[in-house]
Amino acid sequence: MDNSKELIVDTCLLAGRIMMESGSEVYRVEDTMSRIAASAGEPDSISYVTVTGLFMGLRNGHHTQVENVGERTINLEKVSSVNQLSRQFAEKKIELNELYGSLEKIDRETPFFPLWMQIISAGLVSSFMMYLFVETWSDFLITFLVGIIGFSVKYNIKKQLDVKYVDVFFAAFFIGICASLTVHLGWGQNVDSIIIGAIMPHVPGVAITTSFRDILAGHLLSGIARGTEAIIIALAIGIGIVVSLSMMGGGIL
């Protein structure tokens, strides 16, 4: 494979990996990779995408390259940036080298929101979701605080252990403990409403939606894999809440 074709494949794989690690659907990733290759003069490219790896090849090159997909998060800013760059490349506004360099910059430098903003946002989402479900303002502030605690626990557990699903379990566990304590101390009114609100930032809604979209698009392997991951997260949340409520109802209070 000559250098130009190798650059095409590398660019397609880099774009695909960024999108997959940022929570994009499989069909969108494959479409973006194919469009980049076609715009670079290789309309007969072959791409196969799963949640853990990407395969890319050119029919007239007789070579296939593989790219590993690392930890998957939700970062729609990266997905949007890659889509924008691929459109600019298709419109001949940038060259292939520029596209590859810009993708590397996105991969390295596109930031998440600051931690303090993520924590405050988790609290706000918890409070407003609580009101949406139970339509009462009585536990708004308490749910805000419990939501902040749950998100902080998840962040720190993930940072220290880096074991999938354990962080979600402990976040749910502490949410259940804090919700029970606040009601027992008279600060909160309803344990169920506090838990419902505070747990919402951890519910894998995007993973479930993406799973169904992949399945409906015919990508059964990736759809089932994403769905299984979402089910495990939901189970971790449920087990954490059950364990915490069992402890609080078993004599700790």
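Up top is the structure.
Here's what I pulled together on the structure shown here. This one's a predicted model, so the numbers in the text were calculated from it and none came from an experiment. (Residues numbered from 1 in each chain as written. Predicted model: local features only at pLDDT ≥ 70, side-chain atom pairs only at ≥ 80, totals over all residues. Heavy atoms only, no water.)

1. What about the packing of helix H5 (residues 115-134) against helix H6 (residues 140-161)?
At a closest axis distance of 7 Å, the pairing of H5 and H6 adopts a crossing angle of 135 degrees. As summarised for this structure, H5 and H6 are arranged oblique, according to the angle between their axes. Like other packed secondary-structure pairs, H5 and H6 cross with a definite hand, here right-handed. Each of Leu115, Gln118, Ile119, Ile120, Ala122, Gly123, Leu124, Ser126, Ser127, Phe128 and Met130 in H5 lies in contact with H6, whose residues at this interface are Phe140, Thr143, Phe144, Gly147, Ile148, Phe151, Ser152 and Tyr155. By residue class, the composition of the contact of H5 with H6 is twelve nonpolar, seven polar and no charged. (Axes fitted to C-alpha atoms, helices over the stretch in contact; angles between N-to-C directions. Helix = DSSP H or I, 4+ residues; strand = E, 2+ residues; numbered from the N terminus. Parallel < 35°, antiparallel > 145°, perpendicular 65-115°, else oblique. Left-handed = near helix turned anticlockwise from the far one by under 90°. Contact = heavy atoms within 4.5 Å. Nonpolar A, V, L, I, M, F, W, Y, C, P; charged D, E, K, R; others polar.)

2. Some remarks on the packing of helix H2 (residues 26-39) against helix H3 (residues 76-90)
For the pair H2 and H3, interaxial distance at closest approach is 9 Å and the crossing angle is 25 degrees. By the angle between their directions, the pair H2 and H3 is classed as roughly parallel. In the crossing of H2 with H3, the sense of the turn from one axis to the other is left-handed. When H2 is examined against H3, the residues Arg28, Thr32, Ile36 and Ser39 are found in contact with a partner set consisting of Val79, Val82, Asn83, Ser86, Phe89 and Ala90. The residue makeup of the contact of H2 with H3, split by class, is five nonpolar, four polar and one charged.

3. Considerations on the pattern of salt bridges
This model, assessed by the stated rule, comprises nine salt bridges. Of the charged contacts in the structure, one is a salt bridge between arginine 28 and glutamate 25, with a shortest N-O distance of 2.9 Å. According to the relative accessible area criterion, arginine 28 is partly exposed, its value standing at 28%. Looking at glutamate 25, the relative accessible area reads 9%, which means it is buried. In the salt-bridge network here, residues are joined through shared partners; they are Arg17, Glu21, Glu67 and Asp107. (Salt bridge = Lys/Arg side-chain N within 4 Å of Asp/Glu carboxyl O. Buried < 20%, exposed > 50% of the residue type's maximum accessible area, 1.4 Å probe, protein only.)

4. Section: the nonpolar core
Ranked by size, the top nonpolar core spans 29 residues in total, and within it Met33, Met56, Leu99 and Leu103 carry the most contacts. For this core, the leading source of residues is helix H1 (residues 3-21), giving nine residues. If we skip the residues at most four places from it in the chain, methionine 33 touches Cys12, Leu13, Gly16, Ser47, Val49, Leu54, Phe55 and Met56. Judged by nonpolar contacts, the second largest core, of 15 residues, contains Ile175, Ile194, Ile237 and Ile241. (Core = buried A, V, L, I, M, F, W, Y, C linked by side-chain atoms within 4.5 Å.)

5. Details of unusual backbone geometry
In this structure, lysine 92 takes a positive phi of about 65 degrees despite not being glycine. Inspection of the secondary structure puts lysine 92 in the loop between H3 and helix H4 (96-109). Its relative accessible area of 58% is what places lysine 92 among the exposed residues. Despite not being glycine, tyrosine 165 shows a phi value in the positive range, around 80 degrees. Tracing the backbone shows tyrosine 165 in the loop between H6 and helix H7 (166-184). Relative accessible area serves as the criterion here: at 25%, tyrosine 165 is assigned to the partly exposed category.

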